Amino acid sequence: MTIIKCLHTAILVSDLEKAEQFYGSVLGLEKVDRNLKYPGVWYQIGDYQIHLMVHPGFNFTLPNQEKWGRNPHFSLATDNLSDIIARLQSRGYPVQMSQSGRAACFTKDFDGNVIEISQI
């Protein structure tokens, strides 16, 4: 048996409208059709997907408040990290630079889910 690729990551969110604002409008991810009965949204990134699933009252608490990268997170790649950082900050989203020294930052969505964004 061999695992050959990662298909998707499921993210819990409490407010779908606010989550769509972040993942669709701020990060610019491409929304794709889904035919499921429970509330949520799917985004396509290459052959990978992010599935937002609504869980009313969800609120993620960071175990490590000082270093966001040492918490559960998923990672995205960009070809223009400074543009992403400027976009996040101009819309009021927090940004923490990677403390490893590499070209990467961490941010949080409305519910506190951590996302790493690395320069490729």
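Residues numbered from 1 in each chain as written. Predicted model: local features only at pLDDT ≥ 70, side-chain atom pairs only at ≥ 80, totals over all residues. Heavy atoms only, no water.

Visitor: I would appreciate a short explanation of the sheet that holds strand 8 (residues 114-119) in the present structure.
Guide: Across the sheet, which stays open at both edges, the four strands sit in the order 5-8-7-6 with mixed pairing between neighbours. Looking along the sheet, the strands with just one partner apiece sit at the ends: strand 5 (73-78) and strand 6 (95-97). Averaged over all pairs of adjacent strands, the angle between strand axes in this sheet comes to 25 degrees, irrespective of strand direction. Pairing of strand 5 with strand 8, which is carried by six bridges, proceeds in the parallel orientation. Of the residues in strand 8, the one forming a bridge with H73 is V114. Contacting strand 5, strand 6, strand 7 (104-108) and strand 8, helix 2 (residues 81-90) crosses the sheet at an angle of about 145 degrees to strand 6. (Pairing = 2+ DSSP bridges. Helix = DSSP H or I, 4+ residues; strand = E, 2+ residues; numbered from the N terminus. Axes fitted to C-alpha atoms, helices over the stretch in contact; angles between N-to-C directions. Contact = heavy atoms within 4.5 Å.)

Visitor: Just checking my understanding: could you explain the layout of surface pockets for this structure?
Guide: To locate leftover empty space, one rolls a probe as large as a water molecule over the atoms. What the largest pocket holds in volume is close to 220 Å³. In terms of lining, the largest pocket is formed by L27, L29, E30, Q44, I45, Y48, S75, L76, A77, T78, I84 and I117. Those elements that provide at least two residues to the lining of the largest pocket are strand 3 (40-45) and strand 5. Sort the elements by how many residues they give to the lining of the largest pocket and strand 5 lands first, with four residues. Taken together, the residues of the lining of the largest pocket sort by class into eight nonpolar, three polar and one charged. (1 Å grid on protein atoms, 1.4 Å probe; cavity = no way out; pocket = protein on both sides within 12 Å on 5 of 7 lines; lining within 4 Å. Points joined across faces, edges and corners; volume = space filled by probe spheres on them. Nonpolar A, V, L, I, M, F, W, Y, C, P; charged D, E, K, R; others polar.)

Visitor: In this structure, what is going on with the sheet that holds strand 3? I would like to understand it.
Guide: By definition, the strands of a sheet pair up through backbone hydrogen bonds, in either a parallel or an antiparallel sense. The four strands lie next to each other as 1-4-3-2, forming an open sheet whose pairing is mixed. At either end of the open sheet lies a strand with only one pairing partner, and these are strand 1 (8-13) and strand 2 (30-32). The mean angle between the axes of side-by-side strands here comes to 30 degrees, regardless of whether they run parallel or antiparallel. Relative to strand 4 (residues 48-54), strand 3 is paired through six bridges, and the arrangement is antiparallel. Within strand 4, the position partnered with G40 by the bridge is M53. Each of strand 1, strand 2, strand 3 and strand 4 is contacted by helix 1 (residues 16-26), which is oriented at about 10 degrees to strand 3, the strand it contacts most.

Geometry only, nothing functional implied.
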